[in-house]
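Below are the chains, spelled out letter by letter.
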Amino acid sequence: MFRLEARSSTPAWFNLALPLLAIAIALLLCSGLIAVAGAGVVEAYGVMLSASLGDSYAITETLVRAAPMIFTGLAVAIAFRAKFWNIGAEGQLLAGAVASCAVGAIPMPGYLAMLLMALVGAAAGALVALVPATLRVKFKVDDVVSSLLLNSVIYYALMALIEGPWKDTFSGYPISPPIEDSANFPVLIEGTRLHLGVIVALIAAPLCWFLIARTTLGFKIRVTGENPEAARYGGINVQRVLLSTALLSGALAGLAGVGEVGGVHFQVMSDISPGYGYSGIVVAMLARLNPLGVVPAAIFLAAVMTGAEAMSRATGVPAFLSDVIQGTALLAMLVALLFTAYRIRRVGAS
Amino acid sequence: MSAVFEQIFQVGFLAAIIRIATPLAFATLGEMFSERAGVLNLGIEGIMLLSAMAGFTAASLSGSLWLGVLVAVLTGMLMGALHALFTVALGLSQHVCGIGVTLFSSGLAYFLYRLIFGQQSVPPSIDGFKPVPIPLLSDIPVLGPAVFSQFTLVYLAIIAVPLAAFVLYRTPWGLSVRMVGENPRAADSAGVSVIATRFQAVILGGALMGLAGAFLTMAQFNAFTFGVVSGRGWVAIALVVFGRWDPWRSAGAALLFAFVDALQLRMQASGLGHIPYEAFLMLPFIFTIVAMAVMSRNAVAPSALLKPFRREER
């Protein structure tokens, strides 16, 4: 017989080993699907790798796709640190996108437009995240369900906008008017789509790490998450910390939407996010809720997504493999996390 | 104006409500069983999609619709078992696992569908279920054509509601489900296996979610599209809360939502369309969030919801 036994401390190398283990298991399990699709496993993963990280252009494409997931990953990681269960990054992203698109369409000097887009987009995301946090603090409403349901509310609000007042009267398509050309985020390398927002995302990660690991607010967030009773006893206003965490988390998710509007699509449409908010949960879990780990985790998922399209063209394996890899990686990571709290011990055999 | 009014409120309207409510009723009852046992299943959205795909594929390859329904139900049960394995046996966090199950199942559904049917400009369709009028009852004015001239799966949903209430409130197993959802420690002391009961409830829930998926692709749309579920799983999550974890109230909530949905569809079709239909679609979610705030004082949610059970831990 085997049983789980509580573990008092977790070795540091687990932080790296567990995500790698989870990713390896996910890729291994999904290689079965590649085989079912009648393609060579090594060939398919090879195409995936070279198309996502094989040359400098591919790398920029992967980074562009990673940027929104870095933001949503940070949003989820910080929220989960305080045990504020923000499943609503998707809706907060959409709110950020809509708000920044509205601002970006107003003629004004470019740098001012970009700054305002970021501020208003972050504020919109923060406001949306404040709803489940306030409901939890004031009415003890379960934040998992309320933040999840808000995603649908925001999605339909977006649809109402782009099929109503924002609808393209010329083509009749449900897309918003584009933002001003001057508000388009500058491209950093000529001939690529690598925009300013990607750099902001890459800088945001260490800033968030600093905030969590080295500031008073970060300390309060961690204590609130690990032991709310102790936090209260130690004089921390837990409710206030939860609200601050929600604002911060929502603002980060909102910035994901800002980047997609300012740097990639320059307008809002119904499929502006292919589930980046939910991917943020995968990213945060793979990163073990560490903001620094969010960057490689987001790049991994982005590489899988970019690579899957090329793999599909080359081998005929449906590109939806990337969605399966994402789900499998999350589930594998959750199981792997058991090893941080428990060890497997043989009992009763002898 | 009255012509428009008449156009909206006719027999067809009532029949449409029943049809829209059916998959929601199945899904809501499924989620309810799971949550009553203490397990939130956010995998519902993906489980419905994968079941819808599996059922459709089986029906279209074999030519037998009932085989399709069976495959959809088995798929739902299998995915329910997977969610239970993670959340009940391993005690992992239910909300994150649920999102994982949804991502995995919907990814798998898209992948397998594309693999089997390829990329076609017109999605392949099947000859779906036909309405089966019930003799005598279908002759009743208004109610007859609306309620008693429906698909067999609709009748099944109508029967499922009292049946679910009976199972939950009047059988020993239902008592066990409620016990492990309210106070697993006490249930354990009383000799009820918390793990086994939760597994059974989540798998039964998966079966009902599978029926919901089957209805979508084999009766309502007769085809599988990537948007075939489009948030109905999340609606079910809301309806369970709105229906206060009770089979009758949950089914009532499903009917209410179906009424609002049917109304917005009619209003769009009648060209009255100045009111954005999205406002109607938003309503159930907003109502549920408000209801959660209002109800929170009564604490009607199963007490052990979201809490894993490990026997050796106190």
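Quick summary incoming for the structure in this document. Just so it is clear, the model here is predicted, and its values are computed rather than measured.

### Notes on the overall build of chain A
Part 1: Along its length, chain A carries 13 helices and 2 strands.
Part 2: Computed over C-alpha atoms, the radius of gyration of chain A comes to 21 Å, within 12% of the 20 Å expected from 2.2 N^0.38 for 350 residues, which places it in the range of a compact globule.
Part 3: A principal-axis box enclosing the C-alpha atoms of chain A has dimensions of 80 × 60 × 35 Å.
Part 4: Expressed as a percentage of the 350 residues in chain A, the buried residues total 55%.
Part 5: Intrachain contacts of chain A at a sequence separation of at least 6 include 77% that bridge at least 24 residues.
Part 6: Summed over its atoms, the accessible surface of chain A is roughly 14,700 Å², and 66% of this surface lies on carbon and sulfur atoms.
Part 7: Positive and negative charge centroids in chain A, built from 20 and 18 side chains respectively, lie 19 Å apart.

### Quick notes on the overall build of chain B
Part 1: When helices and strands are tallied, chain B shows 13 helices and 0 strands.
Part 2: Helices (α) and strands (β) of chain B occur, in sequence order from the N terminus, as α-α-α-α-α-α-α-α-α-α-α-α-α.
Part 3: Scaling as 2.2 N^0.38, a compact globule of 314 residues should have a C-alpha radius of gyration of about 20 Å, and chain B matches this with 20 Å.
Part 4: Dimensions of chain B, computed from C-alpha atoms along their principal axes, come out at roughly 65 × 45 × 40 Å.
Part 5: Counting all 314 residues of chain B, 58% fall into the buried class.
Part 6: In chain B, the share of contacts with a sequence separation of at least 24, taken over all contacts with a separation of at least 6, comes to 76%.
Part 7: With the model as given, the accessible surface of chain B reaches about 12,600 Å², and the carbon-plus-sulfur share is 68%.
Part 8: One way to put it: in chain B the 17 positive side-chain charges average out to a point 6 Å from where the 13 negative ones average out.

### Some words on the interface of chain B and chain A
Part 1: Facing the 42 residues of chain B at the interface are 45 residues of chain A.
Part 2: Counting the surface lost from both chain B and chain A, the interface buries some 3,800 Å², and carbon and sulfur atoms represent 83% of this.
Part 3: Remark: the boundary between chain B and chain A carries 0 salt bridges.
Part 4: If you look at where chain B meets chain A, you find 1 residue pair in polar contact (both at pLDDT 80 or more).
Part 5: For the side of chain B that touches chain A, the elements supplying multiple residues, two or more each, are α5 (94-117), α11 (232-242) and α13 (277-295) of chain B.
Part 6: A total of 14 residues in the side of chain B that touches chain A trace back to one element, the largest contributor, which is α5 of chain B.
Part 7: Here the side of chain B that touches chain A is built from residues that sort into 30 nonpolar, 6 polar and 6 charged.

### A few points about the environment of Gly-96 of chain A
Residue and element names in this part refer to chain A.
Part 1: Within the element layout of this structure, Gly-96 appears in helix α4 (residues 89-104).
Part 2: Classification of Gly-96 as buried rests on a relative accessible area of 0%.
Part 3: When the C-alpha positions of Gly-96 and Ala-253 are compared, they lie 7.5 Å apart, and in sequence the two are 157 residues distant.
Part 4: Beyond its immediate sequence surroundings of up to four residues, Gly-96 is in contact with Gly-121, Ala-124, Gly-125, Gly-254, Gly-257 and Val-258.

### Quick word on helix α7 (residues 152-170) of chain B
Residues and elements named next belong to chain B.
Part 1: Along its 19 residues, α7 runs 26 Å from first to last C-alpha, staying within 8% of the 27 Å computed at 1.5 Å per residue.
Part 2: The sharpest bend along α7 comes to roughly 30°, located at Ala-160, with the proline Pro-162 sitting one to four residues further on.
Part 3: If you check which residues of α7 are buried, you get Leu-153, Val-154, Tyr-155, Ala-157, Ala-160, Val-161, Ala-164, Ala-165 and Leu-168.
Part 4: At its buried positions, α7 is contacted by α2 (11-36), α4 (65-89), α6 (143-147), α8 (172-182), α10 (194-220) and α12 (247-269).

### With respect to the nonpolar core
Part 1: Residues Val-268, Met-285, Leu-321 and Leu-334 of chain A are the most contacted members of the largest nonpolar core, which totals 216 residues.
Part 2: A total of 14 residues in this core trace back to one element, the largest contributor, which is helix α3 (residues 56-81) of chain A.

### A word on the packing of aromatic side chains
Part 1: Going through the model one piece at a time under the given rule, you end up with 17 aromatic pairs over all chains.
Part 2: Relative to Phe-14 of chain A, the ring of Trp-13 of chain A lies with its centre 4.7 Å away and its plane at 75°, an arrangement referred to as edge-to-face.
Part 3: Judged by its relative accessible area of 9%, Phe-14 of chain A is buried.
Part 4: Seen in terms of ring centroids, Tyr-278 of chain A and Trp-234 of chain B are 6.4 Å apart; in terms of plane orientation they differ by 20°. Their pairing is stacked. Here Tyr-278 of chain A is found in helix α11 (residues 276-286), whereas its partner Trp-234 of chain B is found in helix α11 on a different chain. Residue Tyr-278 of chain A shares its accessibility class with Trp-234 of chain B, and that shared class is buried.

### As for the side chain of Gln-267 of chain A
All names here are of chain A.
Part 1: Secondary-structure assignment places Gln-267 in the loop between α10 (238-265) and α11.
Part 2: A polar side-chain atom of Gln-267 sits 3.1 Å from the main-chain carbonyl oxygen of Ser-176.
Part 3: Not counting chain neighbours up to four residues away, the residues in contact with Gln-267 comprise Cys-101, Ile-175, Ser-176, Pro-177, Pro-178, Val-261 and Ile-272.

The rules we used
Residues numbered from 1 in each chain as written. Chains lettered and ligands numbered in written order. Predicted model: local features only at pLDDT ≥ 70, side-chain atom pairs only at ≥ 80, totals over all residues. Heavy atoms only, no water. Helix = DSSP H or I, 4+ residues; strand = E, 2+ residues; numbered from the N terminus. Rg over C-alpha atoms; globule rule 2.2 N^0.38 Å. Buried < 20%, exposed > 50% of the residue type's maximum accessible area, 1.4 Å probe, protein only. Contact = heavy atoms within 4.5 Å. Areas by Shrake-Rupley, 256 points an atom, 1.4 Å probe, with all protein chains shown as cover. Lys, Arg positive; Asp, Glu negative; His and termini not counted. Charge placed at Lys NZ, Arg CZ, Asp CG, Glu CD. Buried area = accessible area lost by both parts, 1.4 Å probe. Salt bridge = Lys/Arg side-chain N within 4 Å of Asp/Glu carboxyl O. Polar contact = N/O pair within 3.5 Å; in protein donor to acceptor, adjacent residues only side chain to side chain. Nonpolar A, V, L, I, M, F, W, Y, C, P; charged D, E, K, R; others polar. Expected span 1.5 Å × (residues − 1). Bend = angle between axes of the 7 residues up to and from the residue. Core = buried A, V, L, I, M, F, W, Y, C linked by side-chain atoms within 4.5 Å. Phe/Tyr/Trp six-rings, centres within 6.5 Å; stacked < 30°, edge-to-face > 60°.

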